[in-house]
Amino acid sequence: YDIVDSMQGVHDFCDACRKGREPRSAVTLFAFDAYFPAVAATDTLSRVTDVLSCKPSELAFYPVPKLMIRRVGDHEQYAALRASELGDGTLEAR
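Here the structure is a predicted model, which is why all the values come from computation and not from measurement.

Trainee: So what's going on with the overall build of the protein chain? Residues and values would help.
Mentor: When helices and strands are tallied, the protein chain shows 3 helices and 4 strands. For the protein chain, the succession of helices and strands along the chain, N to C, is β-α-β-α-β-β-α. Taking 12 Å as the expected radius of gyration for a compact globule of 94 residues, we find that the protein chain reaches 14 Å, a close match to that expectation. Judged by the C-alpha coordinates and their principal axes, the protein chain covers about 35 × 25 × 20 Å. Within the protein chain, the fraction of its 94 residues that count as buried is 35%.

This is the structure we're talking about:
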C-alpha cells in the first residue's frame, strides 16, 4: 500500500487518476496529522475514489460507496443505518 500525508500528494494522486493512470498500489491510505487537510482531502478525493472506508459520521453522506468501520460515539449509529438503507454503505463493523 501507499501512504499520502500531504495535500500536494492528494492533488498529485487526483491529477493522475483524472488522466487515467492507475494508482501505484491497490490500496492508498490518506493520513494527516491535522484536521483541515483530512477534511479537504476527503472533499477532493470523493471525485476520483472507488470506495471510502470510514467511521459512520458525516462521511456517511458522501456520494461514494462506503465500508463502515466501528463508530466512535453512539450518535453515529444512525448515519451507518441510513447509508445501509440507501444501499451505498455497509452496516457498521462492530
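Now that the structure is up, let's keep going.
Trainee: Requested: an account of the packing of aromatic side chains, with residues and values cited.
Mentor: Applying the stated criterion to the full structure yields 1 aromatic pair. Look at Phe-13 and Phe-30: their rings are 5.2 Å apart centre to centre, the planes differ by 80°, and that puts the pair in the edge-to-face class. Here Phe-13, found in helix α1 (residues 7-18), pairs with Phe-30, found in strand β2 (residues 28-30); they are 17 residues apart in sequence, far enough to count as distant. Note on Phe-13: relative accessible area 17%, which makes it buried. By relative accessible area, Phe-30 is classed as partly exposed at 24%.

Trainee: Report on the pattern of salt bridges, specifying residues and quantitative values.
Mentor: Evaluated as defined, the whole model comprises 6 salt bridges. A salt bridge links Lys-66 to Asp-88; the shortest N-O distance between them is 3.0 Å. Note that Lys-66 is positioned in strand β4 (residues 66-68) and Asp-88 in the segment after α3 (77-86), a separation of 22 residues in sequence. The partner of Arg-71 in a salt bridge is Glu-92, and the shortest N-O contact between them spans 3.3 Å. Residue Arg-71 is located in the loop between β4 and α3, and its partner Glu-92 is located in the segment after α3; the two are separated by 21 residues in the primary sequence. The buried category is assigned to Glu-92, whose relative accessible area is 17%.

Trainee: Could you give me a rundown of the layout of surface pockets, with the residues and numbers involved?
Mentor: If you add up the space inside the largest pocket, you get close to 1,100 Å³. Lining the largest pocket are 35 residues, and of these Phe-30, Thr-49, Val-51, Leu-52 and Ser-53 lie nearest its centre. Elements represented by at least two residues in the lining of the largest pocket include exactly α1, β2, α2 (35-45) and β3 (52-54). By residue number, the principal contributor to the lining of the largest pocket is α2, which donates 6 residues. For the lining of the largest pocket, the residue count by class is 22 nonpolar, 8 polar and 5 charged. Asp-2, Asp-12, Phe-13, Pro-23 and Arg-24 are the residues nearest the centre of the second largest pocket, which is lined by 13 residues in total. Residue assignment for the lining of the second largest pocket shows that the elements contributing at least two residues are β1 (2-4) and α1. The leading source of residues in the lining of the second largest pocket is α1, at 5 residues. Taken together, the residues of the lining of the second largest pocket sort by class into 6 nonpolar, 2 polar and 5 charged.

Parameters at a glance
- Residues numbered from 1 in each chain as written.
- Predicted model: local features only at pLDDT ≥ 70, side-chain atom pairs only at ≥ 80, totals over all residues.
- Heavy atoms only, no water.
- Helix = DSSP H or I, 4+ residues; strand = E, 2+ residues; numbered from the N terminus.
- Rg over C-alpha atoms; globule rule 2.2 N^0.38 Å.
- Buried < 20%, exposed > 50% of the residue type's maximum accessible area, 1.4 Å probe, protein only.
- Phe/Tyr/Trp six-rings, centres within 6.5 Å; stacked < 30°, edge-to-face > 60°.
- Salt bridge = Lys/Arg side-chain N within 4 Å of Asp/Glu carboxyl O.
- 1 Å grid on protein atoms, 1.4 Å probe; cavity = no way out; pocket = protein on both sides within 12 Å on 5 of 7 lines; lining within 4 Å.
- Points joined across faces, edges and corners; volume = space filled by probe spheres on them.
- Nonpolar A, V, L, I, M, F, W, Y, C, P; charged D, E, K, R; others polar.

Function-wise, these values are silent; they only describe arrangement.
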